[in-house]
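A look at the structure
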Amino acid sequence: MTAVIKELQKRFGKFEALKKISLDIENGEFIAILGPSGCGKTTLLRLLAGFDSPTYGSIHISGTEVGNINTTLPPEKRNIGMVFQSFALWPHLNVKEHIKFPLVHHRFADKKMDINKRIKEVLDITELTSFAERMPSELSGGQKQRVALGRAIAPQPDLLLMDEPLSNLDAELRMEMRREIQQIHRLTKATIIYVTHDQSEALAMADRIVVMNQGRIEQVGTPREIYSYPKTEFVASFVGKANLIKGTWHENYFEPELASNLKWTDLGVSEELKKRNIYPLRPEQIALTNDNEGIPGIITSVQYQGKEIHYTVQTQNQSWVVHTEIWQAFQLGESVHVQMKQEQAKLEVKEEKIVSY
Amino acid sequence: MKANIPTDREIVPNQVLSSLFTNKRIWTWIGIALIFLFFLLPIYRLVALSFQQNDSFSLANYTSVLQDATTWTVIQNTIVIVIGSTAISVSLGISLAWLVAYTDLRAKKLMQIFIILPFVIPSYISTLAWTQFLGANGLFQQLVALFPFPVPAINLYSLVGIIFVLGLSHYPLVYLLSVSVLRKIPRELEQASRVSGASRWTTFRKVTIPLALPGIASGGFLAFLANLDNFGIPAFLGIPANISVLSTYIYQQVVGFGPTAFATAATLSVILGVIALLGTFIQWLLLRKSKRIETTIEDKQPRYFLGKKKLFIEIALWCFFLLTSIVPLVSMGMTSLLSAYGVDFTLENISLKNYQFVLDTSPKAKQAMVNSVKLALITTVIGILVGTAFAYYRIRKPNHLNKWAEISIGLPYALPGTVMGLSMIFAWMEPIPGWNPGIYGSVIILFIAYLTRFLILQVRGSITAVMQVDVSMEEAAQVSGSNGWSKWRKILIPLLLPGVLSGAFLVFLTSLTELTVSSLLWSSNSETIGVVIFGYEQAGYSTYSTAFSSLIVGLIILGFIVLYILEYFWNRKGLKQA
């Protein structure tokens, strides 16, 4: 196991940023830590890096204890690499010098390694060979990002930490860099911990996602598990943007509050949600109809998206977000009925293998 | 889309950096002790002395000083001079700032150099230049002699003269603060007001002025303080005319060495110091208020187009710059070349013998140059090390303790020079009562005084430099395996250097030409450049003082040229922030 986190807690004065969380990270895994701002994800990353010390609990990296209540091993003595949100390129060093820096200073870099050869390799992986002599001010956003990546992977650290590395790039570049980060993961087989607030980034790249909220881990699982089978209300609404429908749970079906004649089948709703008498329905799991089947409501907003249409439907007790196919056009103010789509089937996730590429 | 996620970075004390400060407690206590000893104790001793008579607490000094009619004349002079000169500084500074910030004038960069020139040249040298320009045989009289009607000679050795030279010397302060505030007001705010239906005048009144006022007023207070604090100008112009202001009056008390001289001087100093600190406090409040718009960047594109009036305004401005910045210096240069004071400036009267005297014959001038350069160099080097270390600690680990430390370090600079000089005498004549190690009376006291007074300049320069280097730059170095010396050598020093050096240049220049503090603390063999020029002028050797001053002006200009060249090469290396 590359990293083991045990009952990790971090307080800043009275504020408890991390509430005794535990997590095991396997060798070569790509872990995304997903959550809204202030959920503790950056704190967790900074504790892993060694920029902060834990208030309680412990951190092990590659079998060595690097942090506990009493001592914190500083970042330069940990076998890690890190990509910063702001890139943190040094304006007075060129691309090659950025990659050389950790090769010279990193304590875990192989001392017998041919530094020039490794620089060439890294430049090759990051596709920066032709920019080797450029200064940071002469690079585009994507190129800066690659330099930051190259610097982090150069010494081949056991653990690669990424702090929202794509949030400073524009939408199109983000998509491209996702592919490149996946490729680097495949090539280097490094263990990656990737912090993000963007659920689509996490779903697209990670082997496992750790969803965090208010200093706690809400759920850990593969992207499919997190998306299709959220354990908590927070995961359902943050990751899947699900509508949390109120009603009553019976043995194996759900009765929505406003339409007791309906019986929705259990597609794998978690015990916690059942206890709270909630059925999480993602916008694409809902059908809109003009016949009197379902729960009556009025359309309060229509957003045309090209490949689909997003509606907001106000029913008597809550508002629903519904995504429909493009051919299903309704007007603003129109009375409709909302209903769970019928053709859903339960996915068997238990047998699903972890796929990383 | 740019995600603006607040990270915990700002509020998290960076624990790892503390590895630099092992045995933190000991260092903290040493730091507190040093700051107390160098920055606070002298001021305490000064205040204590003013409340002391026959070794016991008493208000007698205050009653006798305030009952003396001379004191009230001095205070009245001070008020008139400070108000008058501040009015000149503020009106000149704001007008120029508005023109440079908002209109489409050409050659603004060159203008800026001329605007800053009176500020860079020590005020006593400008005064000398003005007296040569307006003097009986000066360029001004030769110019007006060409007029068909008689023009009365202008007597600079008067209240009006002092007000005039002070006002012209300190308007750059108002200009510098106002111009940056004006540029930082987003033009969209004015446009929004116009679109909402307000006229150009209403917009100026209701949007521009309220936003610019704190910054402009803060510049005004800075000029007020500079005018209150200045010693060179009232000393050169006021002492011969028997006009005293608080700063020169305190000086005269100290050098007069009467039986109660020190007690009276201390009392007057406390009065002057309280006025100055009050002014500093108001200025600080105003500056804090004006920082509300500081998130925006400076917008240097013109907002008002002058049209046909442009050429006329430009000619007027350049005449003003020539007349106030260049011509007086040229007059001074001309005097310095005369073989004897008072003769006409003709070819046969030109000689370099004054320069020969200053550079060769007179041992005093040479000694003073060596002293000043030594003092300035040592102050600068120690300033760079101590000031940058403190600035780094202050920014990376901000806490109440180092905030108070910064205020304490700034105190000797906020106090008028005469007050500060006097407090140095009290603190170091007998560091432990009854024990006089001879610090006062040697060059060491000047060195201590310079370092105490000017350290804040380096601290501020270095603070700006440290703030421009994001913490993540350091963290990236740490993750790459480097902390301690290699991080400083390879990452921090190269990034901090330009900012630190510009602060150091200011410290060097200010120390090199310092007069106020030195005039109180010098002793034979420890004269400085300022003291020697002041001495020549008081003894009536105007040709020597002008020659020495011209030399210093030449050196300052040379220094700036070197600085510009260095900056040019530095920028060419592509060191702009990525």
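Definitions and limits used
Residues numbered from 1 in each chain as written. Chains lettered and ligands numbered in written order. Predicted model: local features only at pLDDT ≥ 70, side-chain atom pairs only at ≥ 80, totals over all residues. Helix = DSSP H or I, 4+ residues; strand = E, 2+ residues; numbered from the N terminus. Buried ≥ 20, exposed ≤ 12 C-beta atoms within 10 Å, placed from the backbone. Contact = placed C-beta atoms within 7 Å. Domains from an automatic or database assignment. Nonpolar A, V, L, I, M, F, W, Y, C, P; charged D, E, K, R; others polar. Expected span 1.5 Å × (residues − 1). Bend = angle between axes of the 7 residues up to and from the residue. Pairing = 2+ DSSP bridges. Axes fitted to C-alpha atoms, helices over the stretch in contact; angles between N-to-C directions. Core = buried A, V, L, I, M, F, W, Y, C linked by C-beta atoms within 7 Å. Parallel < 35°, antiparallel > 145°, perpendicular 65-115°, else oblique. Left-handed = near helix turned anticlockwise from the far one by under 90°. pLDDT = per-residue confidence, 0-100.

**A short note on the overall build of chain A**
Along chain A, the regular secondary structure elements total nine helices and 19 strands. Projected onto its principal axes, the C-alpha coordinates of chain A cover approximately 75 × 45 × 40 Å. Within chain A, buried positions represent 42% of all 357 residues. For chain A, the proportion of contacts with a sequence separation of at least 24, taken over those separated by at least 6, is 64%.

**So, the overall build of chain B**
Tallying secondary structure elements over chain B gives 23 helices and two strands in all. Each principal axis of the C-alpha atoms in chain B carries an extent, and together these give about 75 × 75 × 50 Å. Across the 578 residues in chain B, those meeting the buried criterion constitute 43%. Put simply, 79% of the contacts in chain B that link residues at least 6 apart link residues at least 24 apart.

**Brief notes about the domain arrangement of chain B**
Residue and element names in this part refer to chain B. Here chain B is described as being made up of domain 1 (59-336) and domain 2 (351-578). Contacts between the two partners involve 30 residues from domain 1 and, on the opposite side, 27 residues from domain 2. If you list the elements that add at least two residues to the side of domain 1 that touches domain 2, you get helix H5 (123-134), helix H9 (200-229), helix H10 (232-238), helix H11 (246-256), helix H12 (261-290) and helix H13 (309-336). It is H12 that provides the largest number of residues to the side of domain 1 that touches domain 2, a total of eight residues. Here the side of domain 1 that touches domain 2 is built from residues that sort into 20 nonpolar, nine polar and one charged.

**Section: helix H7 (residues 159-184) of chain B**
Residue and element names in this part refer to chain B. Over its 26 residues, H7 extends 38 Å from the first C-alpha to the last, a length consistent with the 38 Å expected when each residue adds 1.5 Å. At His170, H7 shows its strongest bend, of approximately 35°, with the proline Pro172 following within four residues. Most of H7 is tucked away: 22 of the 26 residues are buried.

**Some thoughts on the sheet that holds strand S10 (residues 216-221) of chain A**
Residue and element names in this part refer to chain A. Spatial strand order, S6-S7-S8-S3-S9-S10: six strands in an open sheet with mixed pairing. Every other strand in the sheet has two partners, leaving strand S6 (80-83) and S10 as the edge strands with one partner each. Going across the sheet, the axis of each strand differs from the next one's by a mean of 20°, ignoring polarity. As paired strands, strand S9 (residues 208-213) and S10 are joined by five bridges and run antiparallel to one another. Across the sheet, the residue bridging to Val211 is Gln219, located in S10. Helix-sheet contacts for helix H4 (residues 141-153) involve S6 and strand S7 (159-163), and the interaxial angle to S6 is about 175°.

**Some thoughts on the nonpolar core**
Counting 229 residues, the largest nonpolar core has Ile31, Ala32, Ile33, Leu161, Ile193 and Tyr194 of chain A together with Leu422 of chain B as the members making the most contacts within it. Beyond its immediate sequence surroundings of up to four residues, Ala32 of chain A is in contact with Tyr194, Thr196, Ala202, Met205, Ala206, Ile209 and Val210 of chain A.

**Points about the pairing of strand S18 (residues 319-324) of chain A**
All names here are of chain A. As paired elements, strand S17 (residues 309-315) and S18 share six bridges and run antiparallel to each other. The residue bridging Tyr311 from the neighbouring strand is Val322, located in S18. In sequence, S17 turns back onto S18 through a hairpin of three residues.

**Remarks on the pairing of strand S2 (residues 15-25) of chain A**
Residue and element names in this part refer to chain A. Note: strand S1 (residues 3-12) against S2, seven bridges, orientation antiparallel. Across the sheet, the residue bridging to Ala3 is Ile25, located in S2. Linking S1 back to S2 in an antiparallel pair, the connection comprises two residues, with Gly13 at a positive phi of about 65°.

**Re the environment of Ile245 of chain A**
All names here are of chain A. Structurally, Ile245 is set in strand S11 (residues 243-249). Under the C-beta neighbour-count criterion, Ile245 is labelled buried, with 23 such atoms within 10 Å. Taking the C-alpha atoms as reference points, Ile245 and Pro256, 11 residues apart in sequence, are found 7.0 Å from one another. If near-sequence neighbours (up to four positions away) are discounted, Ile245 is found in contact with Pro256, Ile278, Tyr279 and Leu281.

**Thoughts on H13 of chain B**
All names here are of chain B. In this model H13 runs 40 Å from its N-terminal to its C-terminal C-alpha over 28 residues, within 8% of the 40 Å that 1.5 Å per residue would give. Of all the bends found along H13, the most pronounced is centred on Ile326 and spans about 40°, while Pro328, a proline, follows it within four residues. Listing the buried residues of H13 in full gives Thr324, Pro328, Leu329, Ser331, Met332, Thr335 and Ser336.

**Side note on unusual backbone geometry**
Residue and element names in this part refer to chain A. Of note in the backbone geometry, Lys189 takes a positive phi value of approximately 55° without being a glycine. You can see Lys189 is positioned in the loop between helix H5 (171-188) and strand S8 (191-196). Overall, the presence of 12 C-beta atoms within 10 Å leaves Lys189 in the exposed class.

**What to know about the packing of helix H2 (residues 95-105) of chain A against helix H3 (residues 115-125) of chain A**
Residues and elements named next belong to chain A. The interhelical angle for the contact between H2 and H3, taken along N-to-C directions, is 125°, at an axis separation of 10 Å. If you check the angle between H2 and H3, you find them oblique. The handedness of the crossing between H2 and H3 is right-handed. Taking contact as the criterion, the partners of Lys96, Ile99, Lys100 and Leu103 in H2 are, on H3, Ile115, Arg118, Ile119, Val122 and Leu123. Here the residues of the contact of H2 with H3 are counted per class, giving six nonpolar, no polar and three charged.

**Let's talk about the domain arrangement of chain A**
Entries for chain A in the domain assignment read domain 1 (3-225) and domain 2 (241-340). One C-alpha centre belongs to domain 1 of chain A, the other to domain 2 of chain A, and the line joining them spans 39 Å.

**Some thoughts on the confidence of the model for chain B**
For chain B, the mean per-residue pLDDT works out to 86, and 94% of the residues sit at or above 70. Counted against residues more than four places away or in other chains, residues 1-21 of chain B, with its pLDDT under 50, gives 36 contacts.

**Some points on the sheet that holds strand S14 (residues 278-281) of chain A**
All names here are of chain A. The strand order across the open sheet formed by four strands is S13-S12-S11-S14, and the pairing between neighbours is antiparallel. Every interior strand has two partners, whereas the edge strands, strand S13 (264-265) and S14, have only one. As judged from the three bridges shared by S11 and strand S12 (residues 253-256), these two strands associate in the antiparallel manner. Directly across from Thr248, in S12, lies its bridge partner Glu255.

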